[in-house]
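Structural overview
Spelled out from the first residue to the last, the chains are:
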Amino acid sequence: MGAMRTVRHVRMPTLVDLDAALPVVAKYLRPSPVDIGVSQVRPDLALKLETLQPTGSFKVRGAISALAAIEPDRTIVTASAGNHALGIAYAATLLGRRATVVTSTVASAAKVAAIKQFDVELIQVGTTYEEAEAYALSLTSGGAEYVSPYNDPRVIAGQATIGHELAEQLPGPLTVVCGVGGGGMAAGLGLWASTRPGVRTIGVEVEASMAVSAAVAAGHQIEVEVGDTIADGMGGNIEPGSVTIDLVSRYVDSLVCVSEGEIWSAVRYLVRHRGVVAEGSGAAPAAAVLSGKVSSDGPIVAVVSGRNITPALLSEVLAG
């Protein structure tokens, strides 16, 4: 297990934060579309296509929300498995901010290549997310502001804007299924859904990395073994004291997990039956629905959170 990690004090987000994030995100991003199923395979499954965001992932929402709220002269630093770093790079370029993004040396090649297109400093350190995170946090001693991929009220509020869009696109009772890595999207969507009668939030983890469900069960962060997974954006332990633990525990209706095989099948389903390219993390919510792990009497929408998969890996999965 890893070394003792410092507990940061992070403010719990509120509904006021969610309301504040709405106009900021809407200023820079168009609502992502919802694909209503017409396929013979699970025609009842709607898809919220965050794959169509400018960075290919929902993470850009939280990045814009956070950076817009930080003083313009502060340098931003973050650690990420890839998509959050890409979101920060995009948001920093968009808003004219200085940013340093830290990834591990084994981060997705597709995401690293995309980050390099932006005017930010990219540092690759260690072979795990925890090592990259520790290095990024060490940079704050020089006055930089750390923006966590999940443990940040402004980021969580930005991710919750997905829910506000869904309220317009699929009004009424709804089961929203989303991926859980650090829990930022699930926390934001759960908090949003808490004010909407008939709306449920289901979080989906991968069997290889179940840090959030372990923390929810224990009532606090605990280190878990993390295995290899095609859902690289959902792998890794979470910060001690992360606000997402309490938010997920309080507002997310249930947590389920999916296997690697189920994710691979879901990637194939999305391409062959829905014409949607998704990375492993993006396909995990659909995998949970397709494998019968999510039940609902009403409409179900899976948040397809990202598309940033390498062509070689996508070819391998499709060849299956």
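Residues numbered from 1 in each chain as written. Predicted model: local features only at pLDDT ≥ 70, side-chain atom pairs only at ≥ 80, totals over all residues. Heavy atoms only, no water.

Quick look at helix α9 (residues 211–218) now. Of all the positions in α9, only A211, V212, S213, A214 and A215 are classed as buried. Residues of α9 that are buried make contact with β8 (199–206), α10 (243–251) and β9 (254–258). Count one or two residues on from α9 and you reach G219, which has phi positive near 85°. (Buried < 20%, exposed > 50% of the residue type's maximum accessible area, 1.4 Å probe, protein only. Helix = DSSP H or I, 4+ residues; strand = E, 2+ residues; numbered from the N terminus. Contact = heavy atoms within 4.5 Å.)

Right, let's talk about the nonpolar core for a bit. Core analysis: the largest hydrophobic core is formed by 47 residues, its most contacted members being V176, L189 and W192. When residues in this core are grouped by element, the largest group, 7 residues, is from helix α8 (residues 184–193). If sequence neighbours within four positions are ignored, W192 has contacts with L18, G163, H164, A167, V176 and V199. Core analysis: the second largest hydrophobic core is formed by 32 residues, L45, L49, V294 and I309 among them. (Core = buried A, V, L, I, M, F, W, Y, C linked by side-chain atoms within 4.5 Å.)

Before going further, it helps to spend a moment on the packing of α9 against α10. Direction vectors running N to C along α9 and α10 enclose 75°, while the axes themselves pass 9 Å from each other. Classified by the interaxial angle, the pair formed by α9 and α10 is roughly perpendicular. Residue-level contacts link V212, A215 and V216 of α9 to I245, V248 and S249 of α10. Across the contact of α9 with α10, the residue classes tally to 5 nonpolar, 1 polar and no charged. (Axes fitted to C-alpha atoms, helices over the stretch in contact; angles between N-to-C directions. Parallel < 35°, antiparallel > 145°, perpendicular 65-115°, else oblique. Nonpolar A, V, L, I, M, F, W, Y, C, P; charged D, E, K, R; others polar.)

With that settled, consider the sheet that holds strand β6 (residues 145–146). With parallel pairing, the 4 strands of this open sheet are ordered in space as β5-β4-β3-β6. A strand with exactly one partner marks an edge of an open sheet, and here the two such strands are β5 (121–124) and β6. With 2 bridges connecting them, strand β3 (residues 76–79) and β6 associate as parallel partners. Paired with V77 across the two strands is Y146, which belongs to β6. Contacts from helix α5 (residues 129–138) reach β3, β4 (99–103), β5 and β6 within the one sheet, and its direction differs from that of β3 by about 165°. (Pairing = 2+ DSSP bridges.)

This part covers the pairing of strand β10 (residues 300–304). Counting buried residues in β10 gives 5 out of 5 residues, a clear majority hidden from the surface. What you see with β10 is no split at all: I300, A302 and V304 on one side and V301 and V303 on the other are buried throughout. With 5 bridges connecting them, strand β2 (residues 45–49) and β10 associate as parallel partners. Looking at β10, one finds that K48 is bridged to V303.

Here β8 lies mainly inside the structure; 7 of its 8 residues are buried. The sheet contact formed by strand β7 (residues 174–179) and β8 spans 6 bridges and is parallel. The residue bridging C178 from the neighbouring strand is G203, located in β8. For the handedness criterion, the β-α-β arrangement of β7, α8 and β8 is classed as right-handed. Summarising the sheet, β8 and β9 pair through 5 bridges and their orientation is parallel. Bridge pairing links G203 to L255 in β9. (Right-handed = clockwise from strand over helix to strand, strands pointing away.)

Its boundaries defined by the atoms lining it, the largest pocket holds a volume of some 540 Å³. Taken together, 24 residues line the largest pocket, and the ones lying closest to its centre are S104, V106, T229, D232 and G235. Among the residues making up the lining of the largest pocket, the classes are represented as 8 nonpolar, 12 polar and 4 charged. (1 Å grid on protein atoms, 1.4 Å probe; cavity = no way out; pocket = protein on both sides within 12 Å on 5 of 7 lines; lining within 4 Å. Points joined across faces, edges and corners; volume = space filled by probe spheres on them.)

Moving on, we get to the pattern of salt bridges. Tallied over the entire structure, the rule returns 12 salt bridges. The partner of R74 in a salt bridge is E145, and the shortest N-O contact between them spans 3.3 Å. Residue R74 is found in the loop between α2 (59–69) and β3, and its partner E145 is found in strand β6; the two are separated by 71 residues along the sequence. Two residues, E262 and K293, come together in a salt bridge whose shortest N-O distance is 2.7 Å. Pair noted here: E262 is in helix α11 (residues 260–274) and K293 is in the loop between α12 (280–290) and β10, with a separation of 31 residues, a long-range link. The exposure class of E262 is partly exposed, given its relative accessible area of 23%. Residue class for K293 comes out partly exposed when judged on its relative accessible area of 33%. (Salt bridge = Lys/Arg side-chain N within 4 Å of Asp/Glu carboxyl O.)

The strands making up a sheet are joined through hydrogen bonds of the backbone, oriented either antiparallel or parallel. The 6 strands lie next to each other as β1-β2-β10-β7-β8-β9, forming an open sheet whose pairing is mixed. Either end of the sheet is taken by a strand with one partner, and the two such strands are β1 (34–35) and β9. In this structure, β1 lies alongside β2, joined through 2 bridges in antiparallel fashion. Counted as the bridge partner of D35 is L47 from β2. Contacts between helix α7 (residues 161–169) and the sheet are confined to β1, β2, β7 and β10, with β2 contributing the most and set at about 130° to the helix.

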